[in-house]
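Coordinates in review
Each chain is listed here by its residues.
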Amino acid sequence: MKRLSSFSLFANPAPLLVSRQALFPGVIRLADGRLLALFSIGQAFDAADMRSFVSTSEDDGHSWSEPRRLNSREAVPEEQESFKPILLRDGRLLATGYVFERPDPLQPIVDPVTLALPRLVPKMAVSGDGGESWSVPQPIRLDGEPPLEMSGPATQLPSGRIIAATSPFHLQPSGHSGWIVASDDGGRRWFKLSEFFRAPGEDIHAWECRLVAWGEGRVAVLWWAYDHTRGVNLNNHIAFSADGGETFGPAIDTGVPGQSSSLIHLEGETLLTIHAQRDKDAGLFVRRVDVTGDRFDIRDELELFADGAMGSTTADMKQQFGDLKFGQPSLLRLNETELLAYCWAVEAHQYIIKAFRLSL
């Protein structure tokens with residue numbers, strides 16, 4: 001693998017005049033060949049006015065359109081938005097994600113004393129015209145279940161079922177697990193399909209989990225594992241399914257000291273993973289991995305950037321969230337030989353959507 005170039009998919013065009021901080025990107029290929037990106041823009045990292053925006057590229061990511069709002073309708077109370085898109089086989093686009101309700105825009109996301117969070121609601125929106133217009137985001141309802149962090153994109157299986165990896169999102173010392181939720185009717189109704197991870201003490205969080213599906217029922221979920229009892233980040237963990245996500249084998253320690261990470265299928269039993277490593281050897285890394293027999297065998301590695309100043313602390317969970325300088329990396333295959341890697345990152349005191357063009 002080789003890095004060909006790096007560029008800003010979006011950066012504030014007038015940083016001396018207005019604050020436009022960009023975070024949480026998701027990029028897909030549309031049926032007509034264009035690329036479509038969703039990402040959030042607001043005044044600050046945790047600003048109550050953080051809204052989801054759409055941008056497109058007609059030249060394989062070399063240039064991008066001016067971002068426009070996913071949907072201009074404003075909720076009451078104000079909602080801080082984050083969504084990721086997928087292309088369904090019926091031609092519709094489905095954006096899944098979540099909102100934080102922000103009745104008080106100056107209330108911190110994490111209460112410094114109780115660790116309580118604002119009300120979190122998983123939501124979805126649909127586009128039937130290639131992303132030109134979107135429905136008003138509606139709640140993803142799982143009756144009686146806790147708030148879910150749907151920070152990664154869903155995927156559609158050959159059967160038509162849509163599945164997504166998620167986890168109950170709270171910061172208490174126990175009660176943590178990793179879930180697969182599913183829809184059999186194009187996203188109208190959702191249900192809990194399975195759990196891909198639950199530690200014996202339920203004290204290890206599966207933050208920012210990402211999944212990929214390939215072949216005959218193969219599914220893998222990769223996640224940021226945080227140990228609440230010890231107050232430390234663990235290595236990225238991965239779990240595998242052979243039945244479309246209905247059951248999973250044991251969690252496997254990848255040996256990679258990463259936090260927010262993602263993965264795509266490359267060929268056969270080979271995956272490509274991307275990891276935001278912030279504890280030590282801070283940087284962004286892509287790895288080609290052989291997962292034959294539910295292993296995690298790294299065959300190739302590419303450093304996209306390495307910078308100790310981009311690291312963060314695990315000494316205090318609240319401080320760790322406040323220290324983040326890059327995250328939510330992902331990959332998109334452009335053609336047989338090239339890929340797009342992207343994430344959000346801080347450059348020149350601005351949160352931007354950073355992208356890299358890679359060669360296989």
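Residues numbered from 1 in each chain as written. Predicted model: local features only at pLDDT ≥ 70, side-chain atom pairs only at ≥ 80, totals over all residues. Heavy atoms only, no water.

Counting its regular elements, the chain contains one helix and 26 strands. Its C-alpha atoms give the chain a radius of gyration of 19 Å, near enough to 21 Å, the size a compact globule of 360 residues would have. Referenced to the eigenvectors of the C-alpha coordinate spread, the extents of the chain come out at roughly 55 × 50 × 45 Å. The contacts of the chain with a sequence gap of at least 6 include a subset with a gap of at least 24, amounting to 49%. Just so you have it, the chain exposes about 14,500 Å², and 50% of that area is on carbon and sulfur atoms. The positive charge centre, built from 35 side chains, and the negative charge centre, built from 47, are 2 Å apart in the chain. (Helix = DSSP H or I, 4+ residues; strand = E, 2+ residues; numbered from the N terminus. Rg over C-alpha atoms; globule rule 2.2 N^0.38 Å. Contact = heavy atoms within 4.5 Å. Areas by Shrake-Rupley, 256 points an atom, 1.4 Å probe, with all protein chains shown as cover. Lys, Arg positive; Asp, Glu negative; His and termini not counted. Charge placed at Lys NZ, Arg CZ, Asp CG, Glu CD.)

Now for the side chain of Q80. Within the secondary structure layout, Q80 lies in strand β6 (residues 79-87). At 2.5 Å, the side chain of Q80 and the side chain of R102 are in polar contact. With residues near it in sequence (within four places) discarded, Q80 still touches F45, D46, A47, A48, M50, R51, Y98, V99, F100, R102 and I109. (Polar contact = N/O pair within 3.5 Å; in protein donor to acceptor, adjacent residues only side chain to side chain.)

Mapped onto the elements, I353 comes out in strand β26 (residues 350-359). Assessed through its relative accessible area of 0%, I353 is described here as buried. Taking the C-alpha atoms as reference points, I353 and L106, separated by 247 residues in sequence, lie 25 Å from one another. Those residues in contact with I353 that lie beyond four places of it in its chain are F7, S8, L9, F10, A22, L23, P25, F39, C343 and W344. (Buried < 20%, exposed > 50% of the residue type's maximum accessible area, 1.4 Å probe, protein only.)

To continue, consider the sheet that holds β26. With antiparallel pairing, four strands are arranged side by side in an open sheet as β1-β26-β25-β24. Where the open sheet ends on each side, the last strands, each with one partner, are β1 (2-10) and β24 (326-333). Between one strand axis and the next, the sheet turns through 25 degrees on average, direction left out of account. By the bridge criterion, seven bridges tie β1 to β26 in an arrangement that is antiparallel. In the strand pairing of β26, S5 is matched with R357. (Pairing = 2+ DSSP bridges. Axes fitted to C-alpha atoms, helices over the stretch in contact; angles between N-to-C directions.)

Mapped onto the fold, T114 is located in the loop between β7 (93-101) and β8 (120-127). A polar contact of 3.2 Å, which involves the side chain of T114, links it to the backbone nitrogen of A116.

Moving on: the packing of aromatic side chains. In total, this model carries 14 aromatic pairs according to the counting rule given. Plain terms: the ring middles of F24 and F45 are 5.9 Å apart, the flat faces sit at 80 degrees to each other, and that makes the pair edge-to-face. Taken together, the residues F24 in strand β2 (residues 21-29) and F45 in the loop between β3 (35-42) and β4 (51-57) connect sequence positions 21 residues apart. In this structure, F24 and F45 share a single accessibility class: buried. When the centroid spacing of 5.5 Å and the interplanar angle of 50 degrees are considered together, the rings of F45 and Y351 count as tilted. (Phe/Tyr/Trp six-rings, centres within 6.5 Å; stacked < 30°, edge-to-face > 60°.)

Glancing now at the sheet that holds strand β20 (residues 261-267). The strand order across the open sheet formed by four strands is β20-β21-β22-β23, and the pairing between neighbours is antiparallel. Two strands in the sheet have a free side with no partner beyond their single neighbour: β20 and β23 (297-306). Direction aside, neighbouring strands of the sheet carry axes that sit 20 degrees apart on average. Here β20 pairs with strand β21 (residues 270-277) via six bridges, running antiparallel.

If you look at the biggest cluster of nonpolar residues, it comprises 24 residues, and the most contacted ones within it are V27, F39, L340 and W344. For this core, the secondary-structure elements that each account for two or more residues are β1, β2, β3, β25 (338-347) and β26. Membership of the second largest hydrophobic core comes to 20 residues, among which are A182, F196, C209 and L211. (Core = buried A, V, L, I, M, F, W, Y, C linked by side-chain atoms within 4.5 Å.)

Shape descriptors only; they carry no functional weight alone.
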